[in-house]
Amino acid sequence: MRREPAGDVVRAKEMDETVSEFFRRTILKIPLTEMMTILKTWNFLSENQLQTVNFRQRKESLVQDLVLLCEVTVFKMINLEHDATLWFFSFLSLVRKRCKENRASLNDAALLDIIYTQFHRHQKVWDVFQMSKGPGEDTDLFDMEQFKSSFKKILKRALKNVTVSFRDAEENAVWIRIAWGTQYRKPNQYKPAYVVYYSQTPYAFTSSSQLKSNLPLLGQALTVASKHHQIVKMDLRSRYLDSLKAIVFKQYNQTFETHNSTTPLQERSLGLDINMDSRIIHENKTEKERVQRVTQEIFGDYPQPRLEFAQYKLETKFKSDLNGGILAEREEPLRCLVKFSSPHLLEALKSLAPAGIADAPLSPLLTCIPNKGMNYFKIRDK
Amino acid sequence: MSVLRPLDKLPGLNTATILLVGTEDALLQQLAEAMLKEDCTSELKVHLAKSLPLPSNVNRPRIDLIVFVVNLHSKHSLRNVEESLHHVDATFFLGKVSFLATGVMKVEITGRGFFAAGQESHCSIHRNTVMKLAHTYRSPLLFCDLEIEDFRAAMAQRLVRMLQICAGHVPSVSALNLLSLLQSSENPSLEDL
């Protein structure tokens, strides 16, 4: 029968050291310029608590102060020096329970991690999954809470050690954070997987987690919890979640002006004339205008969604007019990989023909990327 | 008239016209503007074309100098120039044609000034290919990185002087004289190519 030390402020049972460390590392990741915004979004520490912290000190000390705030509960208790009695113990257990509610738990830390990732979503590479319902299945009304509990239950049933956290977002989306463990090991909080599921659509975006072996389980949990039948990985990958959304939900081709969509082209070519010296004469003006027109027809006037690369895998058997030759007898197809990378691939492709680097129109393999929602292609012999 | 001939038109009074042929319009435009900034006693006109033949329905002045611009990073530009060369009459190559290779060097600007580093690894066309092309057509080859303003201004100056000579505005120097002056001693080494 251990007696708790009585006093004015009761320090709750020390937060688990791993959780404390996880807190420290998560807060340490946040840049100082965003610290206030993220902590306010997190909404765990109150305004008063935040005001007690000096945000102008060095980062390490600031982080230390914040972690202490998360650990300690401020719970004034009356001075008790009596021996253990029944009511004391029940009172103490009540205190301990209340302390548990107030101090920061693993779930709060996970929530902070989600918020950090939402602010820095471009630091992860996102894959896109598409689910489908079976033939003849009804579209039930979606219940978010039921989805969350079902998802969590499936994962916990398969892997005893797994941390699942949720955060709702706009447009009926939910951000899910999963820290994977095994039957015998606690979850690794530093390599979580994220899933952003838009509940009114069959699409989910996942961050490429290093632990690829858990991917089938994740897919299964997502499918069953959202009452779908099948899940398929799309050949689409990028750092820019918002661009992936725009491509998949077909929101990228919305122009703002509609009635004067023809004038911009003329204005553009007129703009060239105004700036130009009259002593400079473009001989191929009609060709230039044709290129501009074709480019606009294909790419439109709107800003392109942002992708970093397009990859083409080519597999083809060697074809030759001459009979014989070593390569002609080869049964295995030849393989070739072409990868286009750019900070903003689609804008770069759009500017190729006007810059004179390529002929217009561009190859449909390049221009079909947003339409088909793919940036990984496999090209085989027919 | 699908073939350009040097003397098929009468010259304009005190006018010198240059034709820049190349795929990258932005570079040509910048070079043209740099040329027009130069002080020159003659009236300059710059025509920009992506490729030859030129559209035939246009009334244009006599062309005194053609410069074919090749970007060493782009095989497309080389192919374009090679095809355009077929539409130039042989008599043009008596000093009134020049080749310009760009994309040769990338300059790094540090706090103390700048140094040039060869970007050979990024060039999809080897220098020798362009040198051979210029040698085949017996025309001078100029190297300039048109993206760098200072180099571009220097090249514009050279081209303006060449244009004046080709238009006959410089007394006692003709295009052919200039050509033989520009055939420097390095050309014999190209025989080995």
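Please read these numbers as outputs of a predicted model, since none were measured by experiment.

**Remarks on the confidence of the model for chain A**
Residues and elements named next belong to chain A. Per-residue pLDDT for chain A averages 80, and the proportion of residues at 70 or more is 80%. At the level of individual helices and strands, chain A shows its lowest average pLDDT in helix H10 (residues 263-275), which scores 47, and its highest in strand S4 (residues 193-198), which scores 94. Predicted confidence is poor over residues 73-84, with pLDDT under 50, and the contacts of this stretch with residues over four places away or in other chains come to 27 contacts. Confidence drops under pLDDT 50 across residues 257-274; counting only partners more than four residues distant or on other chains, this segment forms 10 contacts.

**Things to note about the packing of helix H7 (residues 144-158) of chain A against helix H8 (residues 215-225) of chain A**
Residue and element names in this part refer to chain A. Interaxial distance between H7 and H8 falls to 9 Å at its minimum, and their mutual angle equals 145°. Note on packing geometry: the crossing formed by H7 with H8 is right-handed. Contacts from Phe147, Ser150, Phe151, Ile154, Leu155 and Ala158 of H7 reach H8 at Leu217, Leu218, Ala221, Leu222, Val224 and Ala225. Looking at the contact of H7 with H8, its residues break down into 11 nonpolar, 1 polar and no charged.

**Here's the deal with the pattern of salt bridges**
The final tally for this structure, using the stated rule, is 21 salt bridges over all chains. Taking the shortest distance from any N to any O, the salt bridge between A:Arg24 and A:Glu21 comes out at 3.2 Å. Of the two residues, A:Arg24 and A:Glu21 are both situated in helix H1 (residues 17-29); the distance of 3 residues between them amounts to about one turn of the helix. In this structure, B:Asp25 engages A:Lys288 in a salt bridge whose closest nitrogen and oxygen atoms are separated by 2.9 Å. Residue B:Asp25 is located in helix H1 (residues 25-37), and its partner A:Lys288 is located in helix H11 (residues 285-299); the two belong to separate chains.

**Brief notes about the environment of A:Glu329**
Tracing the chain through its elements places A:Glu329 in the loop between strand S8 (309-316) and strand S9 (334-341). Taking the C-alpha atoms as reference, A:Glu329 lies 8.5 Å from A:Phe318; in sequence the two are 11 residues apart.

**Points about the packing of aromatic side chains**
Overall, the coordinates contain 20 aromatic pairs over all chains when judged by the stated rule. The interplanar angle of 35° and the centroid separation of 5.0 Å between the aromatic rings of B:Phe93 and B:Tyr137 together place this pair among those described as tilted. Here the residue B:Phe93 occupies a position in the loop between helix H2 (75-84) and strand S4 (97-102), and B:Tyr137 occupies one in the loop between helix H3 (127-136) and strand S7 (141-143), the gap between them amounting to 44 residues. Among the aromatic residues, those joined into a ring-pair cluster are A:Phe142, A:Phe147, A:Phe151, A:Phe166 and A:Tyr197. The aromatic ring of A:Tyr190 is capped on one face by A:Arg25, whose charged end is 4.1 Å from the ring centroid. Residue placement shows A:Lys339 over the ring face of A:Phe309; its charged tip is 4.7 Å from the ring centre.

**What about the side chain of A:Ser226?**
Residue and element names in this part refer to chain A. Mapped onto the elements of the fold, Ser226 is located in the loop between H8 and strand S6 (230-238). Ser226 sits in the buried class, given a relative accessible area of 4%. Within the structure, the side chain of Ser226 is placed 2.7 Å from the backbone oxygen of Leu222, a separation counted as a polar contact. Within the local environment of Ser226, its side chain forms a polar contact with the side chain of His228, the two groups lying 2.9 Å apart.

Conventions we followed
Residues numbered from 1 in each chain as written. Chains lettered and ligands numbered in written order. Predicted model: local features only at pLDDT ≥ 70, side-chain atom pairs only at ≥ 80, totals over all residues. Heavy atoms only, no water. pLDDT = per-residue confidence, 0-100. Helix = DSSP H or I, 4+ residues; strand = E, 2+ residues; numbered from the N terminus. Contact = heavy atoms within 4.5 Å. Axes fitted to C-alpha atoms, helices over the stretch in contact; angles between N-to-C directions. Left-handed = near helix turned anticlockwise from the far one by under 90°. Nonpolar A, V, L, I, M, F, W, Y, C, P; charged D, E, K, R; others polar. Salt bridge = Lys/Arg side-chain N within 4 Å of Asp/Glu carboxyl O. Phe/Tyr/Trp six-rings, centres within 6.5 Å; stacked < 30°, edge-to-face > 60°. Lys NZ or Arg CZ within 6 Å of the ring centre and 35° of its normal. Buried < 20%, exposed > 50% of the residue type's maximum accessible area, 1.4 Å probe, protein only. Polar contact = N/O pair within 3.5 Å; in protein donor to acceptor, adjacent residues only side chain to side chain.

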